[in-house]
Amino acid sequence: MHILWLKTELLHPVDKGGRIRTYQTLRALARSHQVTYLALDDGGAAPNARELAKEYAHDVITVPFSPPERGTLAFYADLAKNAVSRLPYAVGKYRSPRFEDEIRRLAPKVDVVLCDFLAPAVNVPKDLGKTPAVLFQHNVEAEIWRRHAEVAKHPVKRAYMQSQFRRMLRFEREACRRFDHVIAVSEQDAELMRRQYQVTRVTAQPTGVDIDFFRPQPETTRNTHELVFLGSMDWLPNEDGVAWFVEEVFPLVRKKEPKAKLTIVGRKPSPRVKNLAVQHAGVEVTGTVDDVRPYLARAAALVVPLRIGGGTRLKIYEAMAMGIPVVSTTVGAEGLPLEHEEHFLRADEPATIASACHQVFADPSAAGAMGERAAEYVRSRFGWDGVAAQFAEVCRQAAFA
């Protein structure tokens, strides 16, 4: 099977959840299928990203792309221009006639076109002829914007988020309906698309984990009072979640356990996130790290205090594959087939999240046993090779239906 894979970026550095999921899926697919990778290139990828792309694609084609840098006058001018557009900004900024032309040129030569994330869909022609097209939805994007609007306190910000939510809802509904098949990352997302968008051709695809890379490290001594937050800090739901945790939850944790520490690990922390370490005792912000495993291995628990989000969190499976206990909100763990107290601890209010953290601190043996159950569970079911094989079968059925 020959797959034309559409993406808004080259994958390296593979340093955030969406890239990890795409990279691992593609690397497994490329062992048995031909992959042509077509991407926008804004110059922000690693210097050797094109060379490293040989790990996951047989042919790599890029289209130059120059979005305005966040925070610049050009960026705010772009936002102002978007005010009169039907498209949400998160999609409209990727509009590229040249990218669309490349899709038209390449589509007749392949068995299936795979649109990775919703954003590239803005460039996918509606008249691809006989070539089937599949949309790979890592999230239900409109749901993220709806939650942004719900938690926004400032009325201007709330109004902006509501406007973007309405635009995203309309665009996402139209996109999901016009693709031949949609792949969701959880049954929860798939059911939401069936109900909200009336999509009938949708398949839930499980999240995977690199079980060779993320292994238990029994030789590492755990700090029984250290929590770790792991995630890309330039993703707004992560920034919101960790700031809320530090400001609302962590003081309750420290009140009962003064030695408690929180390490925030992730790329591109914003000034707001960096200031958390300045303003709150016991908080450390690392920024980008070469390897997240040492931080996971030494922690008493991974905390996932998300209030906004969609799709599924790879970091939960990564921690579990190493046997690290997880404390998560319902939103943080949504879409993952996990059981409270069997595989992780679920809590949603500041007091109950703090209580779950204290539970891990107070009884390391019980927390360790839960971590071992979780490790056995994800390691036996969610390795990337098996997950990618299921993904390939969905693409094959769409291509040769």
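Residues numbered from 1 in each chain as written. Predicted model: local features only at pLDDT ≥ 70, side-chain atom pairs only at ≥ 80, totals over all residues. Heavy atoms only, no water.

Caption draft 1: Representation of the sheet that holds strand 10 (residues 283-287) in the model. The strand order 10-9-8-11-12-13 describes an open sheet built from 6 strands, whose pairing is parallel. Two strands bound the open sheet, and with one partner strand each, they are strand 10 and strand 13 (345-346). Of the strand pairs in this sheet, strand 8 (residues 223-230) and strand 11 (residues 299-304) are connected by 3 bridges, and their pairing is parallel. Looking across to strand 11, one finds that Val 228 is bridged to Leu 302. Across the sheet, helix 14 (residues 350-362) lies against strand 8, strand 11, strand 12 (326-328) and strand 13, angled at about 135° from strand 8, the strand it touches most. (Pairing = 2+ DSSP bridges. Helix = DSSP H or I, 4+ residues; strand = E, 2+ residues; numbered from the N terminus. Contact = heavy atoms within 4.5 Å. Axes fitted to C-alpha atoms, helices over the stretch in contact; angles between N-to-C directions.)

Caption draft 2: Here's a closer look at the environment of Pro 218. Residue placement: Pro 218 occurs in the loop between strand 7 (202-204) and strand 8. Given a relative accessible area of 75%, Pro 218 falls into the exposed group. Along the backbone, Pro 218 and Ala 297 are 79 residues apart, and their C-alpha atoms lie at a distance of 8.4 Å. (Buried < 20%, exposed > 50% of the residue type's maximum accessible area, 1.4 Å probe, protein only.)

Caption draft 3: Layout of the nonpolar core. Residues Leu 227, Phe 245, Leu 262, Ile 264, Leu 296 and Met 320 are the most contacted members of the largest nonpolar core, which totals 59 residues. In this structure, Leu 262 is in contact with Leu 227, Val 228, Phe 229, Phe 245, Val 246, Phe 250, Gly 282, Val 283, Glu 284 and Val 303, ignoring residues within four places of it in sequence. Grouped together as the second largest cluster of nonpolar side chains are 43 residues, Leu 106, Ala 119, Leu 128 and Val 182 included. (Core = buried A, V, L, I, M, F, W, Y, C linked by side-chain atoms within 4.5 Å.)

Caption draft 4: Spotlight on the environment of Thr 224. Relative to the helices and strands, Thr 224 is located in strand 8. In the structure, Thr 224 is positioned 77 residues away from Ala 301 in sequence and 8.6 Å away in space, judged by C-alpha atoms. In contact with Thr 224, not counting residues within four places along its chain, are Ala 300, Phe 361 and Pro 364. Within polar-contact distance, the side chain of Thr 224 engages the side chain of His 225 at 3.3 Å. (Polar contact = N/O pair within 3.5 Å; in protein donor to acceptor, adjacent residues only side chain to side chain.)

Just distances and angles here, no functional claims.
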